[in-house]
Amino acid sequence: MKLFSSVKDVTDVNQLVSEAIKLKANPFADEQLGKHKTLGLIFLNPSLRTRLSTQKAAMNLGMQVMVMNMDKEGWALETQDGIIMNGTTVEHIREAAGVMGEYCDIIGIRSFPGLKDRDEDYSELIFNKFVQFCGVPVVSLESATRHPLQSLADLITIEELKTTAKPRVVLTWAPHVKPLPQAVANSFAEWMNKADYDFVITHPQGYDLAPEFVGNAMVTNNQDEALAGADFVYVKNWSSYQDYGKILSDGDGWMMTNEKLKLTNNAGVMHCLPVRRGLELSHEILDGPNSLVLNQANNRVWAAQAVLKMCLTHTLSS
Ligand code: CP
């Protein structure tokens, strides 16, 4: 694997999930595989889980890890080609990515959207420039439109806990005070479509995801209808895709609560974290037996380890 940016980069999703579950049972089985190999983690935005779980995964594989907080510690990056750099940007992404590729065998990069220009965000400008110019395998640590390591961890969590072959999985929009990217919701939808579950998306009017991510999901603005009989409920806020980057309502009544849980099939409740307690998800759910948020966070390690293992195996065999 040279690129992990989307479910489309995975040849066999079931095999990747099985690999992650095997690594969870035996984390150090491949501790020699990454010996003398370096993973560079580049963050243009904050992170807790992605940073620590990917480092832990790399260390389990025997890799060295370097982390660069590019937004705070790096030179201001220029992304436009052919520009005269007489403004505030100091280093062009062509050189920056190329240099990092000289030091690393695999690069992970996190690059959030600006939420101002939809076409620019959905073109994945920064992520794709890194892929183009670094010359080594690249793993997305969350890009403008997708968060594939999170989605893989979410799929592992559902596969571990499901009690039917085709569970009902509901992605429900939740309120938030800040406009958030669509990346987690897009990505979750993309992976759920691939898994061929009974997949439902519910959100207030105006929050439709891009059609390429909705896929075959049933979509409804009626949250109660969506939750009926759900086996898993994935709670997440996202800003509007149509009225790009905007918050359209305060989302009153959309927070997932124990009262709403009664509509479900005693569903496991999921969230990628960080979560705003009492706004996106109730305290009672987060502190109760239906919460799967720590299961998901735990599975971030095995998702990352399975992906890094695939990258290393490719690197070693090429
Ligand atoms: N879920 C997730 O990606 O968490 P971080 O933003 O803290 O990495």
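Rules behind the numbers
By convention here, each chain's residues receive numbers from 1 onward along its written sequence. With pLDDT at 70 or above as the cut-off, local features in this predicted model cover only qualifying residues; side-chain atom pairs require 80 or more to be listed or tallied, and sums for whole chains, interfaces and linings still use all residues. Working from all heavy atoms in the structure, the side-chain values ignore hydrogens and water. Note on conventions: DSSP H or I runs of at least 4 residues are helices, E runs of at least 2 residues are strands, and numbering of each starts at the N terminus. Radius of gyration here uses only the C-alpha atoms, and the compact-globule reference equals 2.2 Å multiplied by the residue count raised to the power 0.38. For every residue, the accessible area obtained with a 1.4 Å probe (protein chains only) is divided by the maximum for its type, and the residue is called buried under 20%, exposed over 50%, and partly exposed between those limits. Note on contacts: a residue pair is in contact if any heavy atoms of the two residues lie within 4.5 Å. Near is defined per residue: the residue qualifies when any heavy atom it owns lies within 4 Å of the molecule or strand. The definition of a polar contact used here is a pair of N or O atoms within 3.5 Å, where within protein one atom must be able to donate a hydrogen and the other to accept one, and adjacent residues in sequence count solely through side-chain atom pairs. Throughout, the Shrake-Rupley method with a 1.4 Å probe supplies accessible areas, and for residues the shown protein chains are the sole cover considered. The classification used treats Ala, Val, Leu, Ile, Met, Phe, Trp, Tyr, Cys and Pro as nonpolar, Asp, Glu, Lys and Arg as charged, and all other residues, Gly among them, as polar. Residue ranges labeled as domains rest on an automatic or database domain assignment. Accessible area that two parts lose when put together, evaluated with a 1.4 Å probe and summed over both, is termed the buried area. Here, a salt bridge means any Lys or Arg side-chain nitrogen found within 4 Å of an Asp or Glu carboxyl oxygen. The pocket and cavity definitions rest on a 1 Å grid over protein atoms only: a 1.4 Å probe that fits but cannot leave marks a cavity, an open set with protein on both sides within 12 Å along at least five of seven lines marks a pocket, and residues lining either have an atom within 4 Å of a point. Grid points are joined across faces, edges and corners, and a volume is the space filled by probe spheres set on the points. Counting rule for disulfides: a pair of cysteine sulfur atoms within 2.5 Å. When DSSP finds two or more bridges between a pair of strands, those strands are recorded as paired.

Moving on, we come to the overall build of the protein chain. Each helix and strand in the protein chain was counted, giving 13 helices and 12 strands. Against the globule reference of 20 Å for 318 residues, the protein chain gives a C-alpha radius of gyration of 20 Å, in line with a compact fold. In terms of its C-alpha atoms, the protein chain occupies a principal-axis envelope of roughly 55 × 50 × 30 Å. When burial is assessed residue by residue, the protein chain has 56% of its 318 residues classed as buried. Considering only intrachain contacts with a sequence separation of at least 6, the fraction spanning at least 24 residues in the protein chain is 79%.

Turning to the site of the ligand, a few remarks are in order. Neighbouring the ligand are S47, L48, R49, T50, R110, H147, Q150, C272, L273 and R300. Taking L273, its main chain carries an N or O atom lying 2.8 Å from a nitrogen atom of the ligand. Relative to its unbound accessible area of 250 Å², the ligand is 93% covered by the protein chains. Class assignment for the residues of the shell around the ligand results in three nonpolar, four polar and three charged.

Moving on, we come to the domain arrangement of the protein chain. Here the protein chain is described as being made up of domain 1 (3-146 + 300-317) and domain 2 (149-297). Distance between the C-alpha centres of domain 1 and domain 2: 25 Å. Counting from both sides, the interface comprises 33 residues of domain 1 and, opposite them, 31 residues of domain 2. Between domain 1 and domain 2 lies a buried interface of about 2700 Å² when both sides are counted; carbon and sulfur atoms form 66% of it. Considering only the side of domain 1, the residues that lose the most area to domain 2 are L115, Y122 and R300, jointly responsible for 27% of the buried surface there. Taken together, domain 1 and domain 2 are joined by four salt bridges. Notably, a salt bridge pairs E190 with K8, separated by 4.0 Å at the nearest N-O pair. The set of elements that each furnish at least two residues to the side of domain 1 that touches domain 2 consists of α1 (13-25), α2 (49-60), α5 (118-122), β7 (138-140) and α13 (293-317).

On to empty space enclosed by the protein, then. Taking a probe equal in size to a water molecule and rolling it over the atoms shows the remaining empty space. Tallying each qualifying case throughout the model produces one cavity of 30 Å³ or more. The volume enclosed by the largest cavity comes to roughly 50 Å³. Together, 14 residues line the largest cavity, and W173, H176, Y207, N237 and I247 are the ones closest to its centre. A per-class count over the lining of the largest cavity returns six nonpolar, five polar and three charged.

The full count for this structure, using the stated rule, is 15 salt bridges. D81 is the partner of K129 in a salt bridge, and the nearest nitrogen-oxygen pair spans 2.8 Å. Separated by 48 residues along the polypeptide, K129 in helix α6 (residues 125-134) and D81 in the loop between β4 (77-78) and β5 (91-92) bring together distant segments of the chain. In this structure K129 comes out as buried when scored by relative accessible area, which is 10%. The structure contains a network of salt bridges with shared partners spanning K8, R146, E190 and E212.

Quick look at the state of the cysteines now. Applying the stated criterion across every chain yields a total of zero disulfides. You can see C311 has no disulfide; the closest cysteine sulfur is in C134, sitting 11 Å from it. Overall, C311 belongs to the buried group, its relative accessible area being 0%.

Here we come to the sheet that holds strand β2 (residues 38-43). Reading across from one edge, β1-β7-β6-β2-β3 is the order of the five strands in this open sheet, with parallel pairing throughout. Lying at the two open borders of the sheet, with one neighbouring strand each, are β1 (3-4) and β3 (64-69). Pairing between β1 and β7: two bridges, direction parallel. By the bridge assignment, F4 is partnered in β7 with V139.

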